[in-house]
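The primary structure of each chain is shown beneath.
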Amino acid sequence: MNKYIVYINLALALIFASCGDEFLDTQNMEEKALDNYYRTPQDYSEALAGTYSCLYVSVHSEPAMAANILSDYMFAGGGANDFSVYDVDRFEDPNEDTYASIWEASYKGVYRSSTIIDRIDQAEFTDEENKNQVLGEAYFMRGYYYMRLAQFFGGVPLVYPGDDPNQPRATLDDTWARIASDFKSAIEILPPTSIDAISTGIDGHANLWVAEAMMARAYLYYTGYKTNTLNESTDVLPLSDGGTVTKSEVTTWLVDMIENSGHELNADPRSNWPYSAYSDSTYYDGTPGWDHDASLYPYAENNNLSWAGEFGGNKESVWAIKYTGASWAWDGSDQFSNKMFFQGIRNIVSEAPFNRAWGWCTVNTKLWDMWPDEDVRKRGSITVIPAWELGLPVSNEAQLEIYADEDNTRSYGFDVSVDHGRDVTPFANKKYSSWAVQAAGEDGSTSLTGFYYNLFGGAEANFMLWNSQDFIVMRFSDCLLMAAELGATNAQTYMDEVRTRAGLSSVPPTLENVKKERTFELCFEGIRWFDLARWGETNAALNAASGVSVIEPDGTIGEYTGVYREETKCLLPIPESQINLSEGVLNQNSGW
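Criteria and thresholds
Residues numbered from 1 in each chain as written. Predicted model: local features only at pLDDT ≥ 70, side-chain atom pairs only at ≥ 80, totals over all residues. Heavy atoms only, no water. Helix = DSSP H or I, 4+ residues; strand = E, 2+ residues; numbered from the N terminus. Buried < 20%, exposed > 50% of the residue type's maximum accessible area, 1.4 Å probe, protein only. Areas by Shrake-Rupley, 256 points an atom, 1.4 Å probe, with all protein chains shown as cover. Phe/Tyr/Trp six-rings, centres within 6.5 Å; stacked < 30°, edge-to-face > 60°. Lys NZ or Arg CZ within 6 Å of the ring centre and 35° of its normal. Axes fitted to C-alpha atoms, helices over the stretch in contact; angles between N-to-C directions. Parallel < 35°, antiparallel > 145°, perpendicular 65-115°, else oblique. Contact = heavy atoms within 4.5 Å. Nonpolar A, V, L, I, M, F, W, Y, C, P; charged D, E, K, R; others polar. Core = buried A, V, L, I, M, F, W, Y, C linked by side-chain atoms within 4.5 Å. Salt bridge = Lys/Arg side-chain N within 4 Å of Asp/Glu carboxyl O. pLDDT = per-residue confidence, 0-100.

## Description of the overall build of the protein
- Along the backbone of the protein there are 22 helices and 10 strands.
- Relative to its 592 residues, the protein shows a buried fraction of 59%.
- When the accessible surface of the protein is split by element, carbon and sulfur atoms take 48% of a total near 22900 Å².

This is the structure we're talking about:
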């Protein structure tokens, strides 16, 4: 199945102005305008596509990328001249508009979602369930965009169609009340359709189960952040009408999702990630072929792994951002999956399955050291780069064994003579990396190309732009662990499900055990930072990251220094351009 998910960019196309003299009594028959749009189901399908297109943002604004850089288990990485990622990791703002993309894209998403909600009653729907699906998705997407803003910036302006866009910041409570209200509306409106009955043609769209799961994430973040970071204890999530969402309600919705959605865990946690495809020489039969003998990944082959895929067949993927091969270009669309290229291994001598990349987000050695070896997720999440290849000190034979490249039966070469990179450790993430295959040409020769580019073709054969791996925003395992944390009736069962498939024994679902489980299960997925913020553990975690041996850009061995400024309250700076445009209406976050 071709993965060209092309979202229609409506940007300003839905903000129409009439042209011509007022005395002309004519009807526009050729172009869509506000007076003839939002009438048919097709109009709303196009409008919804416009809301989803706002998920795509530039690299520092990409939520998971930013969260990984800020967290304790990933360091800045990158090259000697990658100053921006280094500054972000050290809680400095590299420029005035570092996060402008997420601010601007989120408000476009808010506007487009609000317009659908505002105009839905003028639609000519013949199918009430279809109308509810459209309206429910619009509520969910508006809530999600406000949540994306609130987690990074705190209280933000709440803007509606027809309002003066230059609004002051709402309070943190009012902002989260809007988020909770939108998610609640989505839950009440969206039909309870099992995922087995949902067409793969709308893969990536929101549904009831996504809304119930995201409400739980919002509740846990807001109540935890208020209680543990702001020291304002609360156990309810506010609503815009003055009501509240309680822990009991959230738990009920989440359990409904777990028990009735049709989502489930894959038998092996490693099958969620594309490297698992490298064990199967017949994978994607009928697509452009590759030289399997040259590209098979021994780790995947030796463990009999099989990739669950990204086309509706992965029941563990509750909601994912779909990327496309139709826009692989530096054109500002960001619809290629830039996380893979930035987070991939730096300076590798290109050889399948790992492809060269920029080496941001190197992995903290302490995460490796604390992770039990019997947990299959350890080597399923982290690839080991032989320490001696990187120039890191290895003091004894035991360490040589620890750092052996057990992932495969061969050694990968690394060119560290030109640029050692920054914050280099012997570890890199496997979940979101840059993958390559040895593609077989018609003349029998092979050449290294991107895994996704080889599968689907693409507009640009550029190793920086040929990634289109889905980003899974919500996995079913996260839902199970949230339910365990919330104290659901089946908390022990949910906890055991996650641990059993990792090869681990049962432990009680205490908060401390849930925290550890989330650390291992969800590492590198852009969740850790927000967990630290809601648990009030940011400062302690980043301080604990200090002292890890890393390679400096000049090739010398140094120590990583974890930095966190408590005055920021885990929030990022609002783009200065937005503050300037507001002419004093917007105020900056503390510490920035």
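## Re the packing of aromatic side chains
- As enumerated under the stated definition, the model contains 40 aromatic pairs in all.
- Here Tyr275 and Tyr297 contribute two aromatic rings whose centre-to-centre distance is 6.2 Å and whose plane-to-plane angle is 85°, an arrangement assigned as edge-to-face. One end of the pair, Tyr275, is in the loop between α8 (247-260) and α9 (292-295); the other, Tyr297, is in the loop between α9 and α10 (298-302), and 22 residues separate them in sequence. Take Tyr275 and Tyr297: they sit in the same class, and that class is buried.
- These aromatic residues form a ring-pair network of at least three members: Tyr275, Tyr278, Tyr297, Tyr299, Trp307, Phe354, Trp435, Phe451 and Tyr452.
- Here the basic side chain of Lys378 rests over the ring of Trp368, its NZ or CZ set 4.2 Å away from the ring centre.
- Looking at Arg422, its charged tip hangs above the ring of Tyr86, at a distance of 4.5 Å from the centre.

## Here we look at the packing of helix α1 (residues 41-52) against helix α4 (residues 100-119)
- Close contact between α1 and α4 brings their axes to 8 Å; oriented N to C, the two are set at 150°. As summarised for this structure, α1 and α4 are arranged roughly antiparallel, according to the angle between their axes. Taking contact as the criterion, the partners of Tyr44, Ala47, Leu48, Gly50 and Thr51 in α1 are, on α4, Arg112, Ser113, Ile116 and Arg119.
- A class-by-class count of the residues in the contact of α1 with α4 yields 4 nonpolar, 3 polar and 2 charged.

## Quick word on the nonpolar core
- One finds Phe140, Phe153, Trp176 and Trp319 to be the most contacted residues of the largest nonpolar core, which totals 160 residues.
- Once you skip the residues sitting within four places of it in the chain, Phe153 turns out to touch Tyr99, Ile102, Trp103, Arg169, Leu571, Leu572, Pro573, Ile574, Pro575 and Asn589.
- Grouped together as the second largest cluster of nonpolar side chains are 5 residues, Phe75, Ala545, Val548 and Tyr560 included.

## Quick look at the pattern of salt bridges
- This model, assessed by the stated rule, comprises 32 salt bridges.
- In this structure, Lys226 engages Glu232 in a salt bridge whose closest nitrogen and oxygen atoms are separated by 2.7 Å.
- Using a relative accessible area of 7% as the deciding quantity, one classes Lys226 as buried.
- For Glu232, a relative accessible area of 39% gives the class partly exposed.
- Here the salt bridges do not stand alone but share partners, grouping Glu316, Asp375, Arg377, Lys431, Arg475, Arg499, Arg501, Glu517, Glu521 and Glu525 into one network.

## Some remarks on the confidence of the model for the protein
- With 82% of its residues at a pLDDT of 70 or more, the protein shows a mean pLDDT of 85.
- pLDDT under 50 marks residues 284-289. Its contacts with residues more than four places away, or in other chains, come to 10 contacts.

## Remarks on helix α17 (residues 476-486)
- Of all 11 residues in α17, 11 are buried; the element is thus mostly enclosed.
- Turning to α17, its buried residues number three or more, namely Phe476, Ser477, Asp478, Cys479, Leu480, Leu481, Met482, Ala483, Ala484, Glu485 and Leu486.
- Immediately downstream of α17, the backbone of Gly487 shows phi near 80°, a positive value.

## Considering the environment of Asp235
- With respect to the helices, strands and loops of the structure, Asp235 is situated in the loop between α7 (208-229) and β1 (236-238).
- On the accessibility criterion, Asp235 (52% relative accessible area) is exposed.
- Sequence spacing of Asp235 and Tyr219 is 16 residues, and the spatial spacing of their C-alpha atoms is 8.6 Å.
- With sequence-adjacent residues up to four places away left out, Asp235 is seen in contact with Tyr219, Thr223 and Lys247.

## Structural notes on the environment of Ser434
- For Ser434, the location among the structural elements is in the loop between β5 (427-429) and β6 (436-440).
- On the basis of relative accessible area, Ser434 is assigned to the buried category, the value being 0%.
- Along the chain, Ser434 and Phe354 lie 80 residues apart, while their C-alpha atoms are 6.2 Å from each other.
- Apart from residues lying up to four places away in sequence, Ser434 is in contact with Met340, Phe341, Gly344, Pro353, Phe354, Asn355, Arg356, Ala357 and Asn467.

## Quick look at the side chain of Arg518
- One can find Arg518 in helix α19 (residues 511-521).
- Looking at Arg518, the relative accessible area reads 5%, which means it is buried.
- If we ignore the near neighbours within four places in the chain, the residues touching Arg518 are Asp478, Leu481, Met482, Glu485, Cys523, Ile527, Asp531, Arg534 and Trp535.

## As for unusual backbone geometry
- Unusually for a residue other than glycine, Lys569 sits at a positive phi of about 55°.
- Among the secondary structure elements, Lys569 is positioned in the loop between β10 (557-559) and α22 (576-581).
- Classification of Lys569 as partly exposed rests on a relative accessible area of 35%.
- Here Glu583, not a glycine, exhibits a phi torsion of approximately 55°, which is positive.

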